[in-house]
Number of protein chains: 2
Amino acid sequence: MQIFIYNSLSRKKEIFKPIQEGRVGMYVCGPTVYGPPHLGHAKSYVNFDVVRRFFEYAGYNVKYVQNITDVGHLVGDSDDGQDKILVQAQKENVDPYALAYKYETEYFYFMDKLNIKRPTISARATGFIPDIIEFIQKIIEKGYAYVTKQGNVYFSVHKFSDYGKLSNRKIENNLSGERISVADDKEYPEDFALWKSAVGGHIMKWNSPWGVGYPGWHIECSTLSRKFLGETFDIHGGGIDNIFPHHDSEIAQSEVANGKPFVNYFMHNNLVTVNGTKMGKSLGNFITLNDLFEKFDPLLIRYYILQFHYRKPVDFSFNAISKVKEQYDKLVENFSQVKEKSLNKIINLKSNKINNDELSEIYNNFISAMSDDFNTPLAMAEVLKLSKLASNALKNNESETLIIINSIIKVVEDVLGLEFVCDKIKSENKTKDSELLNLISDIRTKLRSEKNYQLSDYIRDKLIELGVDVLDKKI
Amino acid sequence: MQIFIYNSLSRKKEIFKPIQEGRVGMYVCGPTVYGPPHLGHAKSYVNFDVVRRFFEYAGYNVKYVQNITDVGHLVGDSDDGQDKILVQAQKENVDPYALAYKYETEYFYFMDKLNIKRPTISARATGFIPDIIEFIQKIIEKGYAYVTKQGNVYFSVHKFSDYGKLSNRKIENNLSGERISVADDKEYPEDFALWKSAVGGHIMKWNSPWGVGYPGWHIECSTLSRKFLGETFDIHGGGIDNIFPHHDSEIAQSEVANGKPFVNYFMHNNLVTVNGTKMGKSLGNFITLNDLFEKFDPLLIRYYILQFHYRKPVDFSFNAISKVKEQYDKLVENFSQVKEKSLNKIINLKSNKINNDELSEIYNNFISAMSDDFNTPLAMAEVLKLSKLASNALKNNESETLIIINSIIKVVEDVLGLEFVCDKIKSENKTKDSELLNLISDIRTKLRSEKNYQLSDYIRDKLIELGVDVLDKKI
């Protein structure tokens, strides 16, 4: 199976070739754990979870590494402002480690609900300070970073001629960019911090060759990806908002330190908009997963996200979700019936030919869509076709067809991370339960009007045995 | 409210006096994440969760710190053998960090199921190597540790005159103890490792003033507790199997480095036996939570654990659990009915007098039992009394009494971490459903044998309307 990936580095689709046969090393930028997870997290991590799942379905052994940023991400997203973790810890009046742990826990709680597989390794930035310090030392040795009197260490952007190759920005254009801070001790405004001196009440701080301080935001990803995936690895993922300065800076740091290409494929997911506008805390349209999951099944949200290609934005509105919900509910109902009627029997579709042209086409189209840069909207269209065929097969009780359909459903679940389990069945049972009781009561009324007291009393006794209260009304 | 704690240091019950008014700092030894969590974990962490919950109910702000041992815990539990994480990582053929993360994730997954609150801070040993190195340096400076040619650092047990004060062991007795390793480069066999030189394929290793290596098992707890709770803190918890050498060694390390008492109250939970004998992997009676929770509701297991005082062993057998299950199910049914009938109304029992002598006594006894070294079996006895009164109040529909009972139930849930929610209702509905269908089918058979085809056919049509397949057998 050939898998095509749109590589942000080359700006085109390329065939995926792993460094080690049968293995994929992927690194995806994790959350900064200073607040509740929101819809933006859901989109990014569902997108990359599907990438991972599809590689696994294709037979690869995937090592998926994700960082937890629990220090060094400054309010200004670049080198200015305070550490996001510290600011929030002061607000909540707790230890910054407690704050980070709380939001890391929340993050995974909601990612679990979205059926996102846990990373192979989830690495906290604070857990790897010695590695980070060694990494910075290497960059200094190579002459690409300088230490200032204030105890800061900056990367010399001008010395790395390729700087900005991912975002395609030229350094001279950056000056006007909003994400560049102009610190007193920088040689050039574009230079970014590898290590920041701990001033004021900075609680998370460590000794270093340059004094007491803490790492910059970008360096943790260069350090952690190398530690767990090597100097050059297969895939680096993240949101498009991370392309500059974060990923451009990672590339610069890693290629200087290692003298090798950083990553073979860079993948970027697009972001979430709300009713067509950017989602943001300051814009008042910020949707936390906590709020969202009170209203909607997390897997419906996952389903909604997958309606859009990962490189396209997801536009969110309650209206849009409600519309998709109907489709989704039918799908779930249909497919859970298939599971039931097929007795959940499955055949391996990789090793068995599908003796049904329509179903064979659906399966092949699904795999093709996913192989073509993880085109989930196209893949989803096939899932809807499958649902139609499922309805027919259910109606006509075509047992062999149902087993094939069930096998495709299993693939869809594995790859897209959906679960077609009808929770409604339970509540339907409840309804049926009361409807059956109504029917029985109805029967008894009729029997008694026919003066068939023997059978009527027999039913009453049976109901009492079952713990059902029987109130005989005079007729 | 006065709370009495059995202090393992003084071997008697003492009134708890916090270091900082209104605050409790507690540290509980966390798991070594190299295998699936088992019943022993459940007992220990349920026990300390209840301690924490009761302090919180009593109005304390509790900072509960727990470590995750992801390096340094050797197979021999002392200084011999390989690192448990590494051995298992080799077996599973994965990165040791991936192994540790996998089992840490499993650990919390099952602890969550047991309704154990997450620690305020969960700290991985590998995340604090610089702190550990500084701690060891301090001990060396104070003259209580020595560096060997092989690059190991050992604590000089003989120099710390109080060594063994917790376990009440004399050093001369230890030599014959099973947990003492006799390494070539130790001055005395009793000395224990603070830092081990990394030899062979040790992947988790760090630079240190003594060469490349990794920390010993005991030092992480001294380092992490000081980092988050200070040089002297309120409560240190753990299993009795940790008293020696782990906690004795922690005390020695911390009191040498800080020149202050380590901990005011040491609490130790007793262990799990299975059918009266010790539980152990080698004994073949090892019960993982994964297996256990396939058979039993995790909260039933929690309920079972709380039948025993934390300082007593929990003897486990399927028979014993089954016996308790009946009692537990009744309690849940009863209390969930109280919730329903009282419309979940609650009064604050701390600020309101209970106008019902029997209930007032139950509440006071419950609180007294918990204040007396967290005597959960006594507290549970009060819960059973409460259940009886609940039955009466439900029968007689005493709405005010039901509100008081509901308020006590809420306290019980908060303090013991139980949840009296009747999930059974759903599954019972399912059973009833099929039983009702059986009854209807039975009725139809009788009707047809009576040649009452009109009513029989009426029922058939109604069933078809409800979506129930009706297969008429020839009679």
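Residues numbered from 1 in each chain as written. Chains lettered and ligands numbered in written order. Predicted model: local features only at pLDDT ≥ 70, side-chain atom pairs only at ≥ 80, totals over all residues.

(A) Focus on the overall build of chain A. Of the regular secondary structure elements, chain A holds 15 helices and 14 strands. Taken over 475 residues, chain A has a buried fraction of 46%. (Helix = DSSP H or I, 4+ residues; strand = E, 2+ residues; numbered from the N terminus. Buried ≥ 20, exposed ≤ 12 C-beta atoms within 10 Å, placed from the backbone.)

(B) Region of the structure containing the nonpolar core. Grouped together as the largest cluster of nonpolar side chains are 245 residues, with contacts concentrated most on Ile136, Leu194 and Ile405 of chain A together with Ile136, Leu194 and Ile405 of chain B. Those residues within four positions of Ile405 of chain A in sequence are excluded, and the remaining contacts are Val338, Leu359, Leu386, Leu389, Ala390 and Ala393 of chain A. Within the second largest apolar cluster, 12 residues are counted, among which are Leu436 and Leu439 of chain A together with Leu439 and Leu447 of chain B. (Core = buried A, V, L, I, M, F, W, Y, C linked by C-beta atoms within 7 Å. Contact = placed C-beta atoms within 7 Å.)

(C) Inspection of the sheet that holds strand β7 (residues 153–155) of chain B at higher detail. Residues and elements named next belong to chain B. Taking strand neighbours across the sheet as the criterion, the 4 strands line up as β6-β7-β8-β9 in an open arrangement whose pairing is antiparallel. Edge positions in the open sheet fall to β6 (145–147) and β9 (213–215), since each of these has one partner strand only. Each strand axis lies, on average, 20° off the axis of its neighbour in the sheet, ignoring direction. One ladder, built from 3 bridges, connects β7 with strand β8 (residues 192–197); its direction is antiparallel. (Pairing = 2+ DSSP bridges. Axes fitted to C-alpha atoms, helices over the stretch in contact; angles between N-to-C directions.)

(D) Just unusual backbone geometry, in detail. Pro245 of chain A follows Phe244 of chain A through a cis peptide bond whose omega is 5°. Counting through the fold element by element, Pro245 of chain A comes out in helix α7 (residues 243–258). You will see that Asn115 of chain B, though not glycine, has its phi angle at about 60°, which is positive. With respect to the element layout, Asn115 of chain B can be found in the loop between α3 (96–113) and β5 (121–124). Residue Asn115 of chain B is classed as partly exposed on the basis of its 17 C-beta neighbours within 10 Å.

(E) Broad picture of the domain arrangement of chain A. All names here are of chain A. Split by domain assignment, chain A resolves into domain 1 (4–269), domain 2 (318–416) and domain 3 (425–465). Placing a centre on the C-alpha atoms of domain 1 and another on those of domain 2 gives a separation of 38 Å. Facing the 9 residues of domain 1 at the interface are 10 residues of domain 2. Mapped onto the side of domain 1 that touches domain 2, the elements with two or more residues apiece are β1 (4–7) and α1 (39–57). In terms of residue class, the side of domain 1 that touches domain 2 is built from 7 nonpolar, no polar and 2 charged. (Domains from an automatic or database assignment. Nonpolar A, V, L, I, M, F, W, Y, C, P; charged D, E, K, R; others polar.)

(F) Quick peek at the pairing of strand β8 (residues 192–197) of chain A. All names here are of chain A. Burial runs high along β8: 6 of the 6 residues are buried. Here β8 runs beside strand β9 (residues 213–215); their pairing, made up of 3 bridges, is antiparallel. Residue Trp195 lies in a different strand from β9, and its bridge partner there is Pro215.

(G) Looking closely at the sheet that holds strand β12 (residues 272–274) of chain B. All names here are of chain B. Strand order in this open sheet of 3 strands is β13-β12-β14, and the pairing throughout is mixed. Looking along the sheet, the strands with just one partner apiece sit at the ends: β13 (277–278) and β14 (314–316). In this sheet, β14 lies alongside β12 in parallel orientation, the contact comprising 3 bridges. Bridging across to β14, Val272 finds its partner in Val314.

(H) Quick look at helix α12 (residues 376–395) of chain A. A rise of 1.5 Å per residue sets the reference length of α12 of chain A, with its 20 residues, at 28 Å; its end C-alpha atoms lie 28 Å apart and thus fit the reference within 8%. Looking at the packing, one finds that the buried side of α12 of chain A touches α1, α9 (298–306), α10 (318–341), α11 (357–371) and α13 (399–416) of chain A. (Expected span 1.5 Å × (residues − 1).)

(I) How the structure looks around the environment of Thr376 of chain B. Residues and elements named next belong to chain B. Along the chain, the position of Thr376 falls in helix α12 (residues 376–395). C-alpha separation for the pair Thr376 and Ser407, spaced 31 residues apart in sequence, amounts to 19 Å. Beyond its immediate stretch of four places on either side in the chain, Thr376 contacts Val50, Leu306, His309 and Leu416.

(J) Seen up close, the interface of chain B and chain A. On the chain A side, the residues contacting the 33 residues of chain B number 33 residues. Where the side of chain B that touches chain A is concerned, the elements lending two or more residues are α3, β5, α4 (129–141), α14 (424–449) and α15 (453–465) of chain B. If one sorts the elements of the side of chain B that touches chain A by residue count, α14 of chain B sits on top with 12 residues. Residues belonging to the side of chain B that touches chain A are distributed by class as follows: 16 nonpolar, 7 polar and 10 charged.

(K) Inspection of the confidence of the model for chain A at higher detail. All names here are of chain A. Confidence in the prediction for chain A averages 91 pLDDT; 93% of positions are at 70 or higher. pLDDT under 50 marks residues 425–429. Its contacts with residues more than four places away, or in other chains, come to 5 contacts. The ipTM value of the predicted complex is 0.87, and its pTM value is 0.88. (pLDDT = per-residue confidence, 0-100.)

(L) View of the relation of the copies chain B and chain A. With an axial shift of 0.4 Å and an RMSD of 2.1 Å, the rotation relating chain B to chain A amounts to 176°. Classification of the inter-copy transformation places it as that of a two-fold axis. Relative to the rotation axis, the closest C-alpha in chain B is found at Gly127 of chain B, a distance of 1.8 Å. Interface residue correspondence from chain B to chain A reaches 100%, placing this contact among same-surface, isologous pairings. (Least-squares fit on C-alpha atoms with pLDDT ≥ 70 in both.)

(M) Spotlight on the pairing of strand β10 (residues 233–239) of chain A. Residues and elements named next belong to chain A. Of all 7 residues in β10, 7 are buried, a share of seventy percent or more. As paired elements, strand β3 (residues 23–28) and β10 share 3 bridges and run parallel to each other. Bridging across to β10, Val28 finds its partner in Gly237. Bridge count between β10 and strand β11 (residues 263–269): 6 bridges; the pairing is parallel. Residue pairing across strands places His236 opposite Phe266, the latter belonging to β11.

(N) Molecular detail of the packing of α10 of chain A against α12 of chain A. Residues and elements named next belong to chain A. Running from N to C, α10 and α12 point in directions that differ by 45°, and their axes come no closer than 10 Å. Our classification of the angle between α10 and α12 gives oblique. As for the relative orientation of α10 and α12, their crossing is left-handed in sense. Touching Lys330, Leu331, Asn334, Phe335, Gln337, Val338 and Lys341 of α10 are Ser387, Ala390, Ser391 and Leu394, all from α12. Residues that form the contact of α10 with α12 fall into these classes: 5 nonpolar, 4 polar and 2 charged. (Parallel < 35°, antiparallel > 145°, perpendicular 65-115°, else oblique. Left-handed = near helix turned anticlockwise from the far one by under 90°.)

(O) View of helix α2 (residues 84–92) of chain A. Residues and elements named next belong to chain A. Every buried residue belonging to α2 is among Lys84, Ile85, Leu86, Gln88 and Ala89, and all of these are buried. Packed against the buried residues of α2 are α3 (96–113). Once α2 ends, the next one or two residues include Asn93, with phi positive near 55°.

(P) Region of interest: the environment of Phe233 of chain A. Residue and element names in this part refer to chain A. Note that Phe233 resides in strand β10. For the pair Phe233 and Met26, spaced 207 residues apart in sequence, the C-alpha separation works out to 7.1 Å. With sequence-adjacent residues up to four places away left out, Phe233 is seen in contact with Ile19, Gly25, Tyr27, Ser225 and Val263.

(Q) Up close: the packing of helix α6 (residues 217–229) of chain A against α7 of chain A. Residues and elements named next belong to chain A. Two elements in contact, α6 and α7, have axes separated by 9 Å at closest approach and are oriented at 50°. It follows from the interaxial angle that α6 and α7 lie oblique. Between α6 and α7 lies a crossing of right-handed hand. Mapping the contact onto sequence places Trp217, His218, Ile219, Cys221, Ser222 and Arg226 in α6 and His246, Ser249, Glu250, Gln253, Ser254 and Asn258 in α7.

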